[in-house]
Amino acid sequence: SQQLTMIPHHQPNNTPTPPATLQNPNKPHDPNDERLNNEFQVYAPDVVKMRMVRDAEDLQKDRVEREFAPEYLNQIYGPDEAIIGFKDISLSIYLKADSLDMYMSQSYDQSYRMRQCQDDYDPIDRFLKKPVEWDEDHKAAVYWHVDRDMDAFRQKIDTKEVYVPPGQELSGYKTKDGREFVVFLVPSVAKDEKAIELTKRMQFLALLYIDACSYIDHHDPKWQLFMTYEKYRSKSGQTRYAFVGFTTAHQFYGHPHKTRLRVSQVLVLPPFQRQGHGGRLLSAIYSYARKQMGDDCLEVTVEDPSVEYQAVRDRIDYLDFCALMEQYKTLRPDWIQNNGILLVWNDAFWRNVRKLLKLSRDQIRRCFELYCFSAITNNQNLSVEQRDNYLKTFRLDVKRRIFQIYDMKRIIKDPIQRKEKLQEIWETISQEFANFLQQVEGKNVQQGK
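Parameters and conventions
Residues numbered from 1 in each chain as written. Predicted model: local features only at pLDDT ≥ 70, side-chain atom pairs only at ≥ 80, totals over all residues. Heavy atoms only, no water. pLDDT = per-residue confidence, 0-100. Helix = DSSP H or I, 4+ residues; strand = E, 2+ residues; numbered from the N terminus. Contact = heavy atoms within 4.5 Å. Pairing = 2+ DSSP bridges. Axes fitted to C-alpha atoms, helices over the stretch in contact; angles between N-to-C directions. Patch = residues over 30% accessible without salt bridge, like charges linked within 9 Å, V, L, I, M, F, W, Y side chains within 5 Å. Areas by Shrake-Rupley, 256 points an atom, 1.4 Å probe, with all protein chains shown as cover. Salt bridge = Lys/Arg side-chain N within 4 Å of Asp/Glu carboxyl O. Buried < 20%, exposed > 50% of the residue type's maximum accessible area, 1.4 Å probe, protein only. Arc of directions from axis to C-beta. Polar contact = N/O pair within 3.5 Å; in protein donor to acceptor, adjacent residues only side chain to side chain. Parallel < 35°, antiparallel > 145°, perpendicular 65-115°, else oblique. Left-handed = near helix turned anticlockwise from the far one by under 90°.

## Considering the confidence of the model for the protein chain
The share of residues in the protein chain with pLDDT of 70 or more is 81%, and the mean pLDDT across the chain is 83. Model confidence for the protein chain, summarised as mean pLDDT per element, is weakest for helix H1 (residues 34-37) at 48 and strongest for strand E12 (residues 180-186) at 98. Contacts from residues 1-31, a stretch scored under 50 in pLDDT, to residues over four places away or in other chains number 89 contacts. For residues 114-119, every residue scores under 50 in pLDDT, and the model assigns this stretch 14 contacts once sequence neighbours within four places are set aside.

## Quick notes on the sheet that holds strand E2 (residues 48-53)
With respect to topology, four strands assemble into an open sheet ordered E3-E2-E6-E7, the strand pairing being mixed. Two strands in the sheet have a free side with no partner beyond their single neighbour: strand E3 (67-68) and strand E7 (102-107). Direction of pairing for strand E6 (residues 90-96) relative to E7: antiparallel, over a ladder of six bridges. By the bridge assignment for E7, Ser92 is matched with Ser105. Across the face of the sheet, helix H5 (residues 150-158) comes into contact with E2, E6 and E7 while running at roughly 30° to E6.

## Overview of the sheet that holds strand E15 (residues 258-268)
Spatial ordering of the open sheet is given by E11-E12-E13-E14-E15-E16, a layout of six strands whose pairing is mixed. The open sheet is flanked by strand E11 (168-174) and strand E16 (297-302), the only strands paired with a single partner. Neighbour-to-neighbour, the strand axes of the sheet open up by a mean angle of 25°, direction not taken into account. Two strands pair when backbone bridges link them, and strand E14 (residues 239-254) and E15 are joined in this way by nine bridges, in the antiparallel orientation. Considered in E15, the bridge of Gly245 is made with Val268.

## Quick notes on a nonpolar patch on the surface
Where nonpolar side chains cluster on the molecular surface, the patch consists of Ile405, Tyr406 and Ile411 and spans about 340 Å² of accessible area. With respect to the element layout, Ile405 can be found in helix H11 (residues 384-405).

## Regarding helix H9 (residues 347-357)
Three or more residues of H9 are buried, namely Phe349, Trp350, Val353, Arg354 and Leu357. Projected onto a plane normal to the axis of H9, the buried residues spread over an arc of 125° and lie on a single side. Structurally, the start of H9 carries an N-cap: the backbone nitrogen of Ala348 is 3.2 Å from a side-chain oxygen of Asn346. The first or second residue beyond H9 is Lys358, which carries a positive phi of 65°.

## A short note on the packing of H11 against helix H13 (residues 415-441)
The interhelical angle for the contact between H11 and H13, taken along N-to-C directions, is 115°, at an axis separation of 10 Å. Taken as axis vectors, H11 and H13 run roughly perpendicular relative to one another. The handedness of the crossing between H11 and H13 comes out as right-handed. In this structure, H11 contributes Leu391, Phe394, Arg395, Val398, Lys399, Arg401, Ile402 and Phe403 to the contact, and H13 contributes Arg418, Leu422, Gln423, Ile425, Trp426, Ile429 and Phe433.

## Examining the side chain of Ser188
With respect to the helices and strands, Ser188 occurs in the loop between E12 and helix H6 (193-209). Engagement of the side chain of Ser188 in a polar contact is seen with the backbone oxygen of Pro221, the distance being 2.8 Å. The residues contacting Ser188, other than those within four sequence positions of it, are Pro221 and Trp223.

## Quick notes on the side chain of Lys399
Mapped onto the elements, Lys399 comes out in helix H11. For Lys399, the residues in contact, after removing those within four places along its chain, are Leu422, Gln423 and Trp426.

Pasting the structure below:
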């Protein structure tokens with residue numbers, strides 16, 4: 001079984017970085033020892049492999065097609081990601097596909113151990129026994145404890161008991177190849193013991209796949225958990241579930257009596273990446289916020305999104321925004337100018353969009369500008385003169401926003417330099433818009449100056 005003491009998500013990481021080279025705190029090793037610096041040092045990403053296990057066959061060593069590699073082993077082995085003191089070492093991490101129970105093993109041809117060296121330099125112990133994070137106020141550290149007995153792990157795999165993920169089914173979908181997936185929601189992790197145990201195991205995965213990962217406080221009732229599982233039939237005909245990915249979200253205060261739902265951790269395991277599951281999971285969160293939370297939810301935000309996740313977010317938000325604008329053409333014609341080519345940006349507009357789509361103001365503005373840019377550049381009914389006039393109006397509006405955001409009058413004193421910088425930023429933004437619309441709408445955008 002696994003036990004993990006978690007510390008609150010907002011606490012800083014005060015863990016000292018592990019040394020890049022092996023050393024005994026009492027008697028440092030000889031830096032000229034060639035054995036230690038060469039054949040007894042390996043690059044961790046080359047030798048640490050993970051595997052999802054659905055049945056006993058997946059435990060066979062030749063099932064290498066099931067393997068995938070952790071991404072951020074620097075959070076375990078230091079910035080050089082070096083495992084030192086072992087020759088020809090390999091480390092395996094097996095995950096039970098449904099409950100995420102873990103088994104770890106290692107093998108090596110030869111080890112080089114220094115005087116007085118104990119378990120401190122055992123590669124698995126770097127995962128299991130080293131405190132990953134320490135909170136002085138709460139006197140709490142993170143320790144990982146997983147199965148190291150294959151027979152005990154095999155018993156968990158061979159069990160006939162079906163593991164059903166905690167929480168409620170939120171939505172489901174099928175892929176083109178007929179595979180079925182289900183999104184589960186745990187409204188409050190702290191109130192569900194089964195969810196707490198699963199969340200602890202997910203945090204282990206977060207450590208390996210989320211850069212600068214910090215852990216959620218599973219005692220905080222405001223943490224929510226969204227999970228995607230593949231639903232399939234085992235060889236015996238039983239309905240089974242296999243973990244795909246998860247998102248944690250925290251409910252923050254939203255003035256005056258509402259909630260902001262902030263997406264925090266997002267992870268889709270490598271075997272399921274680039275298949276649309278991350279976008280489906282975010283769409284499920286939006287649907288939950290719009291339909292089930294309703295007026296209680298002010299907006300859905302994302303905490304420090306990666307470039308890749310922001311791209312997924314932009315695509316979903318933009319398509320939802322476009323669908324809403326199609327309705328607005330008949331519902332609110334006062335917000336649409338020039339046959340839908342230009343929208344009217346004001347407080348009433350973005351507040352109503354936020355109420356319906358649960359997007360943040362900045363994200364609504366981004367969708368607004370993408371929509372206007374597409375409406376101008378992709379409209380085949382416009383003459384060149386009309387297109388240029390509309391684009392000029394739009395360009396000046398974007399430049400005014402940039403001017404205000406960056407306080408350019410104060411930063412750049414010279415009016416000519418300021419004008420040149422604004423034009424440079426506009427050209428960068430318009431190119432980004434064109435690239436985005438090419439990917440989303442498949443249209444070649446005619447850019448304007």
